[in-house]
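The primary structure of each chain is shown beneath.
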Amino acid sequence: MTQVITRFPPSPTGHLHVGGARTALFNWLWARKNGGKFILRIEDTDVARSSEEMTQGILDGMRWLGLDWDEGPYFQSRRIDLYNQYIDQLLETGHAYFCACTPDEVEAMRAEARATGAVPKYNGRCRGRDLKNGPGRVVRFKTPESGETAFQDLVKGPVAVPNAQLDDMVLRRLDGMPTYNLAVVVDDVTMNLTHVIRGDDHLSNTPKQVLLYEAFGRDLPRFAHVPMILGPDKKKLSKRHGATSVTAYRDMGYLPEAMVNYLVRLGWSHGDQEVFHLDELLRVFSLDHLGTAACVFDQSKLLWLNNHYIKNEPVERIASLLAVHLTERGFGRADENYLQLIVPLLQPRAGTMVEMAEMAEFFVVEDERLPMDPASVDKFLTPEARGHFGRLRPRLAEVVVFDQQSLEAMFKEYLVEQGVAFKVLAQPLRVALTGKTKSPGIYEIMEVLGKDRVLRRLARAERKGEAAGPTG
RNA sequence: GUCCCCAUCGUCUAGUGGCCCAGGACGUCGGCCUCUCACGCCGGUAACGCGGGUUCAAACCCCGCUGGGGACGCCA
């Protein structure tokens, strides 16, 4: 049994998008599950469109998701000599030739073919000319003119394409750089890849690559072409669909485990199971339950999973994430011990960490600066409510152990005495303490806020209500 | 246009000839819980694209159609 070797080869011409991330995840899982090797390779042969920032962004995304690599990142731009060696080999063995046609000429050939309904491709004009190397000359592959090229795919099964359909692809460009198909094959061959797991938008490239493997006299790796991830409109996922880069999801307050969990279930299944923790995934992931049909990226399910992880992760972890998002919102570094008190109240309510930070604001803001929603003030801080606040404050001041239990007992007594239901006090109190009408439970909030701040907020609410309430 | 791939609830999927007048999850709808909002719990809605075969039996196998996606670059 040879060691499993997989790779993820992003091109630094864009962000690490969710589709790429899922491909990386599948490759990573397969390598890790089999005790193999996972290689990261940056495909930057398109010098004009590649950038260092994109490379860093991709690496950030990988690290955030926890997809660590054993080798690399390799950069194709630093392996030019290697590619040239292989190109020379193809030239020597008669599998490739020099071509002097200009891009414009080739485009004209394609247009012509298209016009007659034929396959738009290079017409092979330089194929028999036996040209030598020289300026203005690219290297093309001599694609067989008849027959077909076939291979076995782990998800698609047998795939075959007529060779007549294939172009005499360029192997080395005018600028001396290798093209994608050549570089991928050389890399995959020299890195001894055993499995190539990638999006099925590469399916039609595969026959060309198979031809190259054959020309090099090398065995094929196992191919697994996973279906694409589409937008809600069933079109290829793009910026039009909103956030598509994984780092954008990080910034929106998603947890990496939620992202990983969501992604792995897109095109892969393990019976009816929806929630997978990493150690479990490593155990049960396999290539034979990959789906065959394209799938749609569903934000609402991701959100559900994210809330699931927010609810179940340890309070300390969530609290430190909350701290990050609070500073992001302009709050000073909050005391983590304090944050750990409020996190349990927010865990079931927050879909993302950004939402949680929003909900946490009233806990961390200064009492006198608590924003009060005007409509809620008008509606709930009535003269009657203010009357209750006035009577409640002295009693609250006397509560010795300011916790939920004591507070509940104190309120119970007060309610009986006044002959009112808690219902009539709840919303006014909520508005007084949080400035809003939606929040965790009143007693929970009071305990976390503490006596002094509760008293201050009630007093302030009385003043606010007066100012706002002409009906008083 | 040509080639390749695909086709189960709105979405992700289970299903590999009888266990399926199709199961789970998200969403959605209704209810319970309740100090608001959530969480949780209970229940409902909702799918095998169409037409032919093969078979005692088809969501599952074969053919065609339709629909969708991808590719056809000196991008990856």
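Because the structure is predicted, anything quoted here is derived from the model rather than measured.

Enquirer: Help me out: how do you make sense of the sheet that holds strand E5 (residues 138-141) in this one?
Expert: As a general point, the strands of a sheet are linked pairwise by backbone hydrogen bonds and lie either parallel or antiparallel. Here 3 strands make up an open sheet; going across it, the order is E4-E5-E8 and the pairing antiparallel. The sheet is open, and its two borders are formed by strand E4 (96-99) and strand E8 (170-172), each paired with just one other strand. Strand-to-strand, the axes of this sheet are offset by a mean angle of 40°, without reference to chain direction. Of the strand pairs in this sheet, E4 and E5 are connected by 4 bridges, and their pairing is antiparallel. Within E5, the residue paired with Tyr-97 across the bridge is Arg-140.

Enquirer: I keep staring at the protein's contact with RNA strand B and nothing clicks. Help me out?
Expert: Neighbouring RNA strand B are 65 residues, the closest being Thr-45, Arg-173, Arg-349, Arg-430 and Ser-439. Each atom of RNA strand B within 4 Å of the protein was assigned to sugar, phosphate or base; sugar and phosphate come to 72%. A distance of 2.9 Å separates a base nitrogen of RNA strand B from a polar backbone atom of Cys-101. Between RNA strand B and the protein, one listed contact pairs a phosphate oxygen with a backbone N or O atom of Pro-120 at 3.4 Å. Sorting elements by how many residues they give to the surface near RNA strand B places strand E7 (residues 157-162) first, with 5 residues. Grouping the constituent residues of the surface near RNA strand B by class yields 25 nonpolar, 19 polar and 21 charged.

Enquirer: How should the environment of Phe-75 be read in this particular structure?
Expert: Mapped onto the elements, Phe-75 comes out in strand E3 (residues 71-75). Not counting residues within four places of it along the chain, the set of residues in contact with Phe-75 comprises Ile-42, Asp-44 and Thr-55.

Enquirer: Quick question: what am I supposed to make of the packing of helix H12 (residues 336-346) against helix H18 (residues 442-449) here?
Expert: Any two packed helices are characterised by the angle at which their axes cross and by the distance between the axes. One way to put it is that H12 packs onto H18 with a least axis distance of 10 Å and a crossing angle of 175°. Taken together, the axes of H12 and H18 are roughly antiparallel relative to one another. Facing Tyr-338, Leu-341, Ile-342 and Leu-345 of H12, the residues of H18 in contact are Glu-444, Ile-445, Val-448 and Leu-449.

Enquirer: Can you walk me through the nonpolar core in this structure?
Expert: The tendency in soluble globular proteins is for nonpolar side chains to be buried side by side. Residues Met-62, Phe-297, Leu-322, Phe-363 and Leu-396 are the most contacted members of the largest nonpolar core, which totals 102 residues. At 9 residues, the largest contribution of residues to this core is made by helix H1 (residues 18-33). When near neighbours in sequence (up to four residues on either side) are disregarded, Met-62 contacts Phe-8, Leu-16, Ala-24, Phe-38, Leu-40, Leu-67 and Trp-69. Core analysis: the second largest hydrophobic core is formed by 39 residues, Tyr-83, Met-109, Phe-141 and Tyr-213 among them.

Scoring rules and cut-offs
Residues numbered from 1 in each chain as written. Chains lettered and ligands numbered in written order. Predicted model: local features only at pLDDT ≥ 70, side-chain atom pairs only at ≥ 80, totals over all residues. Heavy atoms only, no water. Pairing = 2+ DSSP bridges. Helix = DSSP H or I, 4+ residues; strand = E, 2+ residues; numbered from the N terminus. Axes fitted to C-alpha atoms, helices over the stretch in contact; angles between N-to-C directions. Near = heavy atom within 4 Å. Polar contact = N/O pair within 3.5 Å; in protein donor to acceptor, adjacent residues only side chain to side chain. Nonpolar A, V, L, I, M, F, W, Y, C, P; charged D, E, K, R; others polar. Contact = heavy atoms within 4.5 Å. Parallel < 35°, antiparallel > 145°, perpendicular 65-115°, else oblique. Core = buried A, V, L, I, M, F, W, Y, C linked by side-chain atoms within 4.5 Å. Buried < 20%, exposed > 50% of the residue type's maximum accessible area, 1.4 Å probe, protein only.

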